[in-house]
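Chain by chain, the residues run as shown.
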Amino acid sequence: MHVMNKKALLTAAFASLSTLAVASPVDDVLIIDEEIEMTTRVESVEGHPIPEVISGWHYRTPETRALEADSFANPGMLGVETGESIWHTVEGTAGKSCASCHNDATVSMKGVGANYPKWDEKNQRPKNIEAQINHCRVENMGAEPYAFDKGGQKPLTAYIKHQSLGMPVEIDLEEGDMQAWWEKGKETYYLRTGQLNLSCASCHEKNHGNYIRADHLSQGNVNGFPTYRLKQNKLISLHNRFRGCIRDTRAEYPAAFSDVLMGLEVYTTWRGTGLAVETPAVRQ
Ligand code: HEC
Ligand code: HEC
């Protein structure tokens, strides 16, 4: 493609706010059920390229924002309830449920999801909640691991993360080789690919607040996952979202839970340090 063409395409793709005249990100406060005050804007950690980290909630319409503020209206809460019932379901050769060992998740899982991904010593790579669930299913229950986005994977992940609602995201990069995976994730984040030569940063760092076609771009933070997407009418896992964003810029995209996407999960989670866990967030 000629340089001029690419430039014209890019200019057409990103519409600036001045032309659309919408205040962005919206100045509003998220309080869930008039009770839980959520940190949706926070000064970023040292080494972060932008000074203030802002939740994707601020970039959504008033209707979408209202759905997340009310847990009865939040359609993602149905998935959380499904997760709760799976938590109590016996499966596998050991005749156990999650609750057999972890009892009441509102106690045992409180704060857990806010600190993932963590270092997995045995496998010498970071593990996310999905990997930890599969580890417990295989090693502790004698059950089959869930395939990506299948079975109880999304609802259980949402149920576990929801137990940290309102708690600040913070991961430990000192554990094992987490720092190396952070570096790997950062490389992926800034890697330009596809016909338009775009990286994650082209959209979520340089253009958050602007529109790309009809979409209002956020900073691409991960504190609300699994999120409920109104467009798709279901919970969407983080690696599905990553793959969707990558697919929009090129034909090939990495497998869920591959090294590339695990690095990206470590790096993007770090970028959102200090934001409240919003699971299940509501998005367009
Ligand atoms: C037989 C007991 C047992 C069962 C059943 C079990 N787990 Fe675990 N789980 C453990 C143990 C022990 C650990 C800590 C060490 C490890 O990771 O194996 C753990 C750790 C975890 C952690 C990480 C906690 C943290 O602080 O990082 C999560 C999340 C978890 N389990 C979820 C589940 C889920 C979901 C299920 C059901 C699908 C389940 N577990 C079933 C024994 C069990
Ligand atoms: C061509 C532009 C574009 C690129 C490149 C892109 N995204 Fe996105 N992304 C979007 C749009 C549009 C949305 C939906 C609106 C929003 O939240 O920004 C989105 C949403 C997201 C979300 C959900 C945010 C939330 O609040 O729920 C995450 C996470 C995300 N992107 C991560 C990434 C990562 C990581 C990359 C690089 C691999 C990437 N994106 C590349 C356009 C892009």
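How each quantity is defined
Residues numbered from 1 in each chain as written. Chains lettered and ligands numbered in written order. Predicted model: local features only at pLDDT ≥ 70, side-chain atom pairs only at ≥ 80, totals over all residues. Helix = DSSP H or I, 4+ residues; strand = E, 2+ residues; numbered from the N terminus. Rg over C-alpha atoms; globule rule 2.2 N^0.38 Å. Buried ≥ 20, exposed ≤ 12 C-beta atoms within 10 Å, placed from the backbone. Near = placed C-beta within 6 Å. Nonpolar A, V, L, I, M, F, W, Y, C, P; charged D, E, K, R; others polar. Domains from an automatic or database assignment. Contact = placed C-beta atoms within 7 Å. Pairing = 2+ DSSP bridges. Arc of directions from axis to C-beta. Core = buried A, V, L, I, M, F, W, Y, C linked by C-beta atoms within 7 Å. Axes fitted to C-alpha atoms, helices over the stretch in contact; angles between N-to-C directions. Parallel < 35°, antiparallel > 145°, perpendicular 65-115°, else oblique.

As a further point, take the overall build of the protein. On a plain count of helices and strands, the protein comes out with 12 helices and 12 strands. Taking 2.2 N^0.38 as the reference for a compact globule, 284 residues should give roughly 19 Å; the C-alpha atoms of the protein span a radius of gyration of 19 Å, in line with that estimate. A principal-axis box enclosing the C-alpha atoms of the protein has dimensions of 65 × 40 × 35 Å. Burial analysis of the protein (284 residues in total) assigns 34% to the buried set.

What surrounds ligand 1 is a group of 16 residues, the closest being Lys96, Cys98, Cys101, Cys136 and Asn140. Counting residues per element, the ones that place at least two in the shell around ligand 1 are α5 (98-102), α7 (129-141) and α8 (153-162). Looking at the shell around ligand 1 residue by residue, the classes come out as nine nonpolar, five polar and two charged.

Once that is clear, we can look at the site of ligand 2. Around ligand 2, a shell composed of 26 residues is seen, among which Gly56, Cys200, Cys203, Ser218 and Cys245 lie nearest. Of all the elements in the fold, those that place two or more residues in the shell around ligand 2 are α10 (200-204), α11 (238-247) and α12 (259-271).

This part covers the domain arrangement of the protein. When cut into domains, the protein gives domain 1 (3-74 + 168-283) and domain 2 (77-162). The distance between the C-alpha centroids of domain 1 and domain 2 comes to 24 Å. Each partner contributes residues to the interface: domain 1 has 24 residues there, and domain 2 has 21 residues. At the level of elements, α9 (178-190) and α12 are the ones that each hand at least two residues to the side of domain 1 that touches domain 2.

With that settled, the discussion passes to the sheet that holds strand β11 (residues 234-236). Sheet architecture is open: three strands sit in the order β11-β10-β12, paired in mixed fashion. On the outer flanks of this sheet lie β11 and β12 (282-283), each paired with one strand and no other. Pairing of strand β10 (residues 227-229) with β12 involves two bridges; the strand directions are parallel. Within β12, the position partnered with Arg229 by the bridge is Arg283.

In this section: α11. All of the buried residues in α11 are Leu238, His239, Phe242 and Ile246. Here the buried residues of α11 occupy an arc of 95° about the axis, which is enough to place them on one side. Where α11 is buried, its residues contact α12.

To continue, consider the nonpolar core. Ranked by size, the top nonpolar core spans 27 residues in total, and within it Tyr159, Ile160 and Val277 carry the most contacts. Of the residues forming this core, the biggest block, four residues, is contributed by α8. One finds Ile171, Phe225, Leu238 and Ile246 within the second-largest nonpolar core, a separate group that totals 13 residues.

Quick look at unusual backbone geometry now. Between Tyr116 and Pro117 the backbone carries a cis peptide bond, its omega angle lying at 0°. In this fold, Pro117 is placed in the loop between α6 (105-108) and β6 (118-120). Cis geometry marks the peptide bond from Phe225 to Pro226, where omega comes out at -15°. Tracing the backbone through its elements, the reader meets Pro226 in the loop between β9 (215-216) and β10. At Glu34, a residue that is not glycine, the phi angle is positive and equals roughly 55°. Following the sequence through the fold, Glu34 ends up in the loop between β2 (31-32) and β3 (36-37). Of note in this structure, Asn197 is not a glycine but carries a positive phi near 60°. One can find Asn197 in the loop between α9 and α10. According to the C-beta neighbour criterion, Asn197 is partly exposed, with 14 such atoms within 10 Å.

Now for the environment of Pro155. Here Pro155 lies in helix α8. Residue Pro155 is classed as buried on the basis of its 23 C-beta neighbours within 10 Å. Taking the C-alpha atoms as reference, Pro155 lies 24 Å from Arg125; in sequence the two are 30 residues apart. Those residues in contact with Pro155, other than ones at most four positions away along the chain, are Gly79, Thr82, Gly83 and Ile86.

Taken N-terminus to C-terminus, the directions of α9 and α12 make an angle of 95°; their axes are 7 Å apart at the nearest point. Relative to α12, the element α9 is oriented roughly perpendicular. Along its contact with α9, which presents Met178, Trp181, Trp182, Lys184, Gly185, Lys186, Thr188 and Tyr189, the element α12 presents Val260, Met262, Gly263, Leu264, Val266, Tyr267, Thr268 and Trp270.

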